[in-house]
Amino acid sequence: MYSFDYVKPSSLQDALDAISGGGQPLGGGQTLIPTLKQRLAMPEALVDLTGIAELKGVSMSGDKLSVGGATRHADVAASAEVKAKIPALAALAGQIGDPQVRNRGTIGGSIANNDPAACYPSAVLALGATVRTDKREIAADDYFQGLFTTALEEGEVVVGVDFPVPEKAAYQKFVQPASRFALTGVFVAKFAGGVRVAVTGASQDGVFRWSEAEAALSSNFSADAVPAAPVADGMIGDIHGTPEYRAHLVQVMTKRAVAAAG
Amino acid sequence: MSKKPVQFRLNGAERAVFVEGGQNLLDTIRRGLGDTSPKWGCGQGTCGACTVLIDGQPHLACLTLAEAVEGREISTNAGLGANGLHPLQQAFMDHFAAQCGFCTSGMLMAAKALLDRNPNPTRDEVIEAISGNICRCTGYEPIIDAILDAAKRRAA
């Protein structure tokens, strides 16, 4: 590893000062540290956000479930509040990677990175969450902008994510067994106003909403109502599966998610 | 860039060590403190051979910066066997759960975290607990058997 400075501020303001001085925000480091080891990035300083109390933990904020940006996956998975309000979100967090990853990785880190096969983006998008940063609030529909691309500006920090509480929701992931990323994962959320379906792991553009399934499920919330698989154009093809295979999985995992949501 | 002091507990003993900026915990334990029981496998957070416990929970030492564990309690496989073989270590021997042995330290620490939290796990819970640890020799079955047997022995 090359040499860099490390700071672990205890206040958001100190962190923002360090970041505006050229520091790179650090969540759990489960993606960023390997990236530095491969020299795909070489920041001169890392600003560890996990020592900032206001960025950690889960609470109800009005009618939304608010998760601090530096909250670890293991803590979301174990949270009694998340299990009570949005059990599908707790279940998703408990399936991310492996125990070692869940003990360090954070929700803010995951959605700032926006890996096309990460689990969290599907929950944030399907639940229509709001991403709160140090500067503004960003609707999930505006936040995810393609492969490893988000609405975040340079140096902008995810302070928290506010999730509307659905009537029903479920996440179903077809696990890539070595990495335990989603080969394809589907998060389905049913609200009074309709159903939202977000798919991760499948598209070359990263997480997306499957609008045909949303329309069908909004009028009939049952696995039988899930439409035919989307077209394979634009789906990821790699040694683990062809675009056609992933397109098929989108339909299958959506059906399973609807069935699991009950 | 100047070195920085870091203090933490390693297997129950207070340790202080100077680290380079950006130095990871694995390097710090192995080269800085001479405990070579956590293994350097992939160095990319994929294999789990470097698994250590931080305050009782499994973490990848290769992806953890040494400066981030200031004041924390670190446990490694060397500490596990400090007072005679731990039931997990004995069970791994009895079930031939190690062939080349490179993954064993990490497997043992992931298994210890599980049994400390859940003394009577199901087979599926064992599989989940070691899902971040790759073994290229055993096919996993003897490892799973050993962890389940160790749980039984600890209960007995």
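Source: prediction; values computed, not measured.

How each quantity is defined
Along each chain, numbering runs from 1 in the same order as the chain's sequence is written. To label them, take the chains in the order written and letter them from A, then take the ligands in the order written and number them from 1. Residues qualify for local features only when their pLDDT is at least 70, as the model is predicted, and side-chain atom pairs are given and counted only at 80 or more; totals for whole chains, interfaces and linings, by contrast, use all residues. As a rule here, side-chain values come from all non-hydrogen atoms in the structure, and water together with hydrogens is ignored. Start and end positions for the domains come from either an automated domain assignment or a database one. Any two residues whose heavy atoms approach within 4.5 Å are treated as being in contact. Buried area is a sum: the accessible area each of two parts loses on coming together, probed at 1.4 Å, counted once for each and added. Identification of polar contacts relies on pairs of N or O atoms within 3.5 Å, with a donor-acceptor requirement for protein atoms, meaning one able to donate a hydrogen and the other able to accept it, and with residues adjacent in sequence counted only if both atoms are side-chain atoms. Where helices and strands are cited, they refer to DSSP runs of H or I of at least four residues and of E of at least two residues respectively, numbered from the N terminus. Under the grouping applied here, Gly and all other residues not named as nonpolar or charged are polar, the nonpolar ones being Ala, Val, Leu, Ile, Met, Phe, Trp, Tyr, Cys and Pro and the charged ones Asp, Glu, Lys and Arg. Put simply, a salt bridge is a Lys or Arg side-chain nitrogen that is within 4 Å of an Asp or Glu carboxyl oxygen. Only strands that DSSP links by at least two bridges are regarded as paired with each other. The axes used here are C-alpha line fits, helices contributing only the stretch in contact, and every angle between their N-to-C directions lies in the interval 0 to 180 degrees.

1. Quick word on the domain arrangement of chain A
Residue and element names in this part refer to chain A.
Then, number 1: Taken domain by domain, chain A consists of domain 1 (1-53) and domain 2 (56-262).
Then, number 2: One C-alpha centre belongs to domain 1, the other to domain 2, and the line joining them spans 25 Å.
Then, number 3: Domain 1 puts 12 residues into the contact, and the matching count from domain 2 is 12 residues.
Then, number 4: Approximately 970 Å² of surface area, both sides summed, lies buried where domain 1 meets domain 2, with 66% of it carried by carbon and sulfur atoms.
Then, number 5: The largest contributions to the domain 1 side of the interface with domain 2 come from Gly28, Gln30 and Thr50, which together make up 38% of the buried area.
Then, number 6: Where domain 1 touches domain 2, the interface holds two residue pairs in polar contact (both at pLDDT 80 or more).
Then, number 7: Among the elements that make up the side of domain 1 that touches domain 2, the one with the highest residue count is helix α1 (residues 12-20) (three residues).
Then, number 8: Grouping the constituent residues of the side of domain 1 that touches domain 2 by class yields seven nonpolar, five polar and no charged.

2. Overview of the domain arrangement of chain B
The extent of an interface is frequently quoted as the accessible surface area lost upon association of the parts.
Residue and element names in this part refer to chain B.
Then, number 1: Its domain assignment divides chain B into domain 1 (3-79) and domain 2 (81-155).
Then, number 2: The straight-line distance from the C-alpha centre of domain 1 to that of domain 2 is 21 Å.
Then, number 3: Contacts between the two partners involve 17 residues from domain 1, matched on the other side by 14 residues from domain 2.
Then, number 4: Both faces considered, domain 1 and domain 2 share a buried interface measuring about 1200 Å² in area, 58% of it formed by carbon and sulfur atoms.
Then, number 5: On the domain 1 side of the interface with domain 2, the three residues burying the most area are Thr51, Leu53 and Asn77, jointly 39% of the side's total.
Then, number 6: Between domain 1 and domain 2 we count zero salt bridges in total.
Then, number 7: Remark: the boundary between domain 1 and domain 2 carries nine residue pairs in polar contact (both at pLDDT 80 or more).
Then, number 8: Elements supplying a minimum of two residues to the side of domain 1 that touches domain 2: β3 (51-54) and α2 (77-80).

3. Digging into unusual backbone geometry
Then, number 1: Not every positive phi belongs to a glycine, and Arg39(A) is a case in point at roughly 60 degrees.
Then, number 2: Along the polypeptide, Arg39(A) turns up in the loop between α2 (32-37) and β3 (45-48).
Then, number 3: In this model, Phe96(B) sits at a positive phi of 50 degrees, which is unusual for a non-glycine residue.
Then, number 4: Summarising the element assignment, Phe96(B) is placed in the loop between α3 (87-94) and α4 (104-117).

4. Concerning the environment of Asn133(B)
Then, number 1: Along the chain, the position of Asn133(B) falls in the loop between α5 (123-129) and α6 (141-155).
Then, number 2: Taking C-alpha positions, Asn133(B) is 27 Å from Arg15(B), a pair spaced 118 residues apart along the chain.
Then, number 3: Aside from chain neighbours lying at most four places away, what touches Asn133(B) is Gln100(A), Cys47(B), Gly48(B), Thr51(B), Gly106(B), Met107(B), Ala110(B) and Tyr140(B).
Then, number 4: A distance of 3.0 Å separates a polar atom in the side chain of Asn133(B) from the backbone oxygen of Gly48(B).
Then, number 5: A polar contact of 3.3 Å, which involves the side chain of Asn133(B), links it to the backbone oxygen of Gly106(B).

5. Comments concerning the side chain of Thr130(A)
Residues and elements named next belong to chain A.
Then, number 1: Mapped onto the fold, Thr130 is located in strand β6 (residues 130-133).
Then, number 2: Within the structure, Thr130 has its side chain in polar contact with the side chain of Lys64 (distance 3.5 Å).
Then, number 3: Sequence-distant contacts of Thr130, that is, excluding residues within four places in its chain, are made with Lys64, Glu137, Ile138, Gly160, Val161 and Asp162.

6. Re the pattern of salt bridges
Then, number 1: Within the structure shown, the criterion is met by 23 salt bridges over all chains.
Then, number 2: A salt bridge links Glu156(A) to Arg136(A); its shortest N-O distance comes to 2.8 Å. Placement of Glu156(A) in the loop between α9 (140-143) and β8 (158-164) and of Arg136(A) in the loop between β6 and β7 (137-139) is noted, with a sequence separation of 20 residues between them.
Then, number 3: With its nearest N and O atoms 2.8 Å apart, the salt bridge here joins Asp94(B) to Arg153(B). In this pair, Asp94(B) sits in helix α3 while Arg153(B) sits in helix α6, placing the two residues 59 residues apart along the sequence.
Then, number 4: Several salt bridges share partner residues, and in doing so they unite Asp141(A), Arg196(A), Arg209(A) and Glu214(A) into one network.

7. Focus: the sheet that holds strand β1 (residues 5-7) of chain A
Residues and elements named next belong to chain A.
Then, number 1: Taken in spatial order, the three strands make up an open sheet running β1-β3-β2, and their pairing is parallel. Of all strands in the sheet, those with a lone pairing partner are β1 and β2 (24-26), marking the two edges. When strand polarity is set aside, the average angle formed by the axes of neighbouring strands in this sheet is 30 degrees.
Then, number 2: Sheet analysis places β2 next to β3, joined by three bridges and oriented parallel. Looking at β3, one finds that Leu26 is bridged to Asp48.

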